[in-house]
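# Topology and contacts: notes
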Amino acid sequence: MSKPPSRRSLYPVVAPVCAAGLVTVVAAAISFAMATPGATVLAGLSAFLGASLVADRFLVPVDDLDANGVSLAFVFGLSAVVLFGWAPGVLVVCATPAVMQLIERRPPIRIAYNSSAFALTAAIAGLVIAPIGSGTPAHTVASVIVATYVAYLVDVLLITAVVACGSRRSWRGLIGSSVPKTILPFTLMGSAVLTLVVVWQQAPLLSLALVGPLLAIQLYQTALLRALRAARLALTDPLTGLGNHRHFHERLAHELEHTLNDGRSLALCFVDIDDFKRINDRFGHPAGDRVLSQVATRLRQSGEAFRLGGDEFAVLLPGYGETESVTAAESIVDRVANIDHGQMGAITVSAGIPLAPQHTRERQELLRLVDSALYWAKEYGKNDVRVYRPDVVELAELKRLASASDSAERMQAAVGLAKAVDARDVYAGNHSQRVAELAVQMASRIGFSSEELELTRLAASLHDIGKLALPEDVLRKPAALTPPEWNVLQRHTRIGFQMLESIGIDPVAEWVLHHHERWDGTGYPDGLAGTEIPLGARIIFVADAYDAMTSVSLHRRRRSADEALAEIVGCAGTQFDPSVVEALAAELAGAEYAEAAPQLEQAAAV
């Protein structure tokens, strides 16, 4: 995977803007000095600069804007441009972010870019309105309207350009998402500019009185923002400021619903810090917390981000296809790899991605798939991005099954594999899970120990795992299979045995190998008969047959529970172990059990 350094990727935008901004500021300073402004102008500029600095300290919140808010410094800076010309306006506008961001200790490159961008914005707005002139109310209104929207347009273009370059997102897409959210607030601020300019033209000292109401509005908005943040605290991770686990699931459900309704794509990206335990063990938890915060900052640049717990994060990417989501995830991996952690050395992350509805339409299944893709990325090299692939990712799940440290983890991996099989098979729903539940119930009646019951559940969940390696056109063929296709299908027992034997899960592998052997010896793959067939395999065979008959399938009509039980009872002693069939009948406790009992006893005696 190609990972160009993120800092270098910003140079094509940052370098020319900073150079042009520096030239603009120098030219503005020279022009302003040569104009020898009077005391009234200097007082007005000083007042506008002071008000602009205060306004920039307290931002006005804008709902759904991916930033802290917008600044009323725009009002005072643009007023200076309209009233005093482009040069004084440039000095006020560029000084505000430079001073405030220096106080906040922002990165130098950010201070330089923002100051330069605002300087260019003010200069362009001032030069565009210069030909309009002044002297009449119409000239004033025209100047303010033109300056407002020219400044707004230039500002949006320059800010979204660097964000698009740094996050490797679509510039057009960023503009399209930010304009609807900001155009109204900036229009309202344009009206405030007009008021301030008109009052200044009538009575300069009186216009300074407008600073108070404007700042009061801003402080009121800030209070509302605090209340909003308090309401959102329950949905926020306190360490990183990202959405927490609860917020993630709410947003995922919302976005998935929109995706399915609108026919668009949704990419879900899980990001996990590689070897994070080593960081905590070697450098302490405070160092680990700093790493988490730094990673969270990089995630914000790519989409709506969440911390799920520990060192695992999630990013929602609505409307992203595979190519766009991989680009966004690679950008995250790249940005994290370029963080300077001092003595801790390089820190890397791995990312996994599935897409809805391409890979699944269900939320829980999407979460399972993203977990599988992330495991694949970490298992095969780390510092990488992997998109879910059924034929590859599930093999990683198999490896995780082998390395599971406890039964719960082992069953979680087995359930994931079973769902992958069921997604490719002819049966509707969670066939493997239903077979596992029924097999455990019968095994319990037969007298299996708790350990044997766990093995039964595991083997029954994985009884068709060999189908992962079979062609889907054979598995899902609606017509009857040809003899060669039937031979291919029968291979799934041996393939499943080889997959499970290779990771050392016994006797599960043997049960999977023989779960299609018949009591009379005419089954496959080895033609075992009677008690030669492992009891676990005999139990799975009955559970599998019962669920196949009572499930929706491409190959046969769905039968009722009574019909399926009657057929299985009729095949006791030939196809099925009579004792296992008896356990099934007892478990189902159907009305026909009493009628079936003599037939089962006769079959068992044969």
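Before going into details, it helps to say that this report is about the structure given with it. Since the model is a prediction, treat every value here as computed from it, not as a measurement. (Residues numbered from 1 in each chain as written. Predicted model: local features only at pLDDT ≥ 70, side-chain atom pairs only at ≥ 80, totals over all residues. Heavy atoms only, no water.)

### Section: the environment of Val385
- Mapped onto the fold, Val385 is located in strand β6 (residues 385-387).
- Overall, the relative accessible area of 11% leaves Val385 in the buried class.
- Separated by 52 residues in sequence, Val385 and Val333 place their C-alpha atoms 7.8 Å apart. (Helix = DSSP H or I, 4+ residues; strand = E, 2+ residues; numbered from the N terminus. Buried < 20%, exposed > 50% of the residue type's maximum accessible area, 1.4 Å probe, protein only.)

### Here we look at unusual backbone geometry
- Between Ala356 and Pro357 the backbone carries a cis peptide bond, its omega angle lying at 5°.
- Along the chain, Pro357 turns up in the loop between β5 (355-356) and α14 (363-379).
- The backbone of Arg105 sits at a positive phi, close to 60°, despite the residue not being glycine.
- Inspection of the secondary structure assignment puts Arg105 in the loop between α4 (86-103) and α5 (108-129).
- We note that Asp275 has phi near 55°; this positive angle belongs to a residue other than glycine.
- Examined against the element boundaries, Asp275 turns out to sit in the loop between β1 (266-273) and α11 (276-283).

### Structural notes on the nonpolar core
- Formed by 54 residues in total, the largest nonpolar core has its most connected members in Met442, Val542, Ile568, Phe576 and Leu584.
- Elements with a contribution of two residues or more to this core: α16 (407-424), α17 (431-446), α18 (450-461), α21 (492-501), α22 (508-513), α23 (535-550), α24 (561-570) and α25 (578-588).
- Per element, the largest residue contribution to this core is nine residues, and it comes from α23.
- Not counting residues within four places of it along the chain, the set of residues in contact with Leu584 comprises Leu438, Met442, Val542, Tyr546, Leu565 and Ile568.
- Core analysis: the second largest hydrophobic core is formed by 38 residues, Phe32, Ala51, Ala55 and Ala192 among them. (Core = buried A, V, L, I, M, F, W, Y, C linked by side-chain atoms within 4.5 Å. Contact = heavy atoms within 4.5 Å.)

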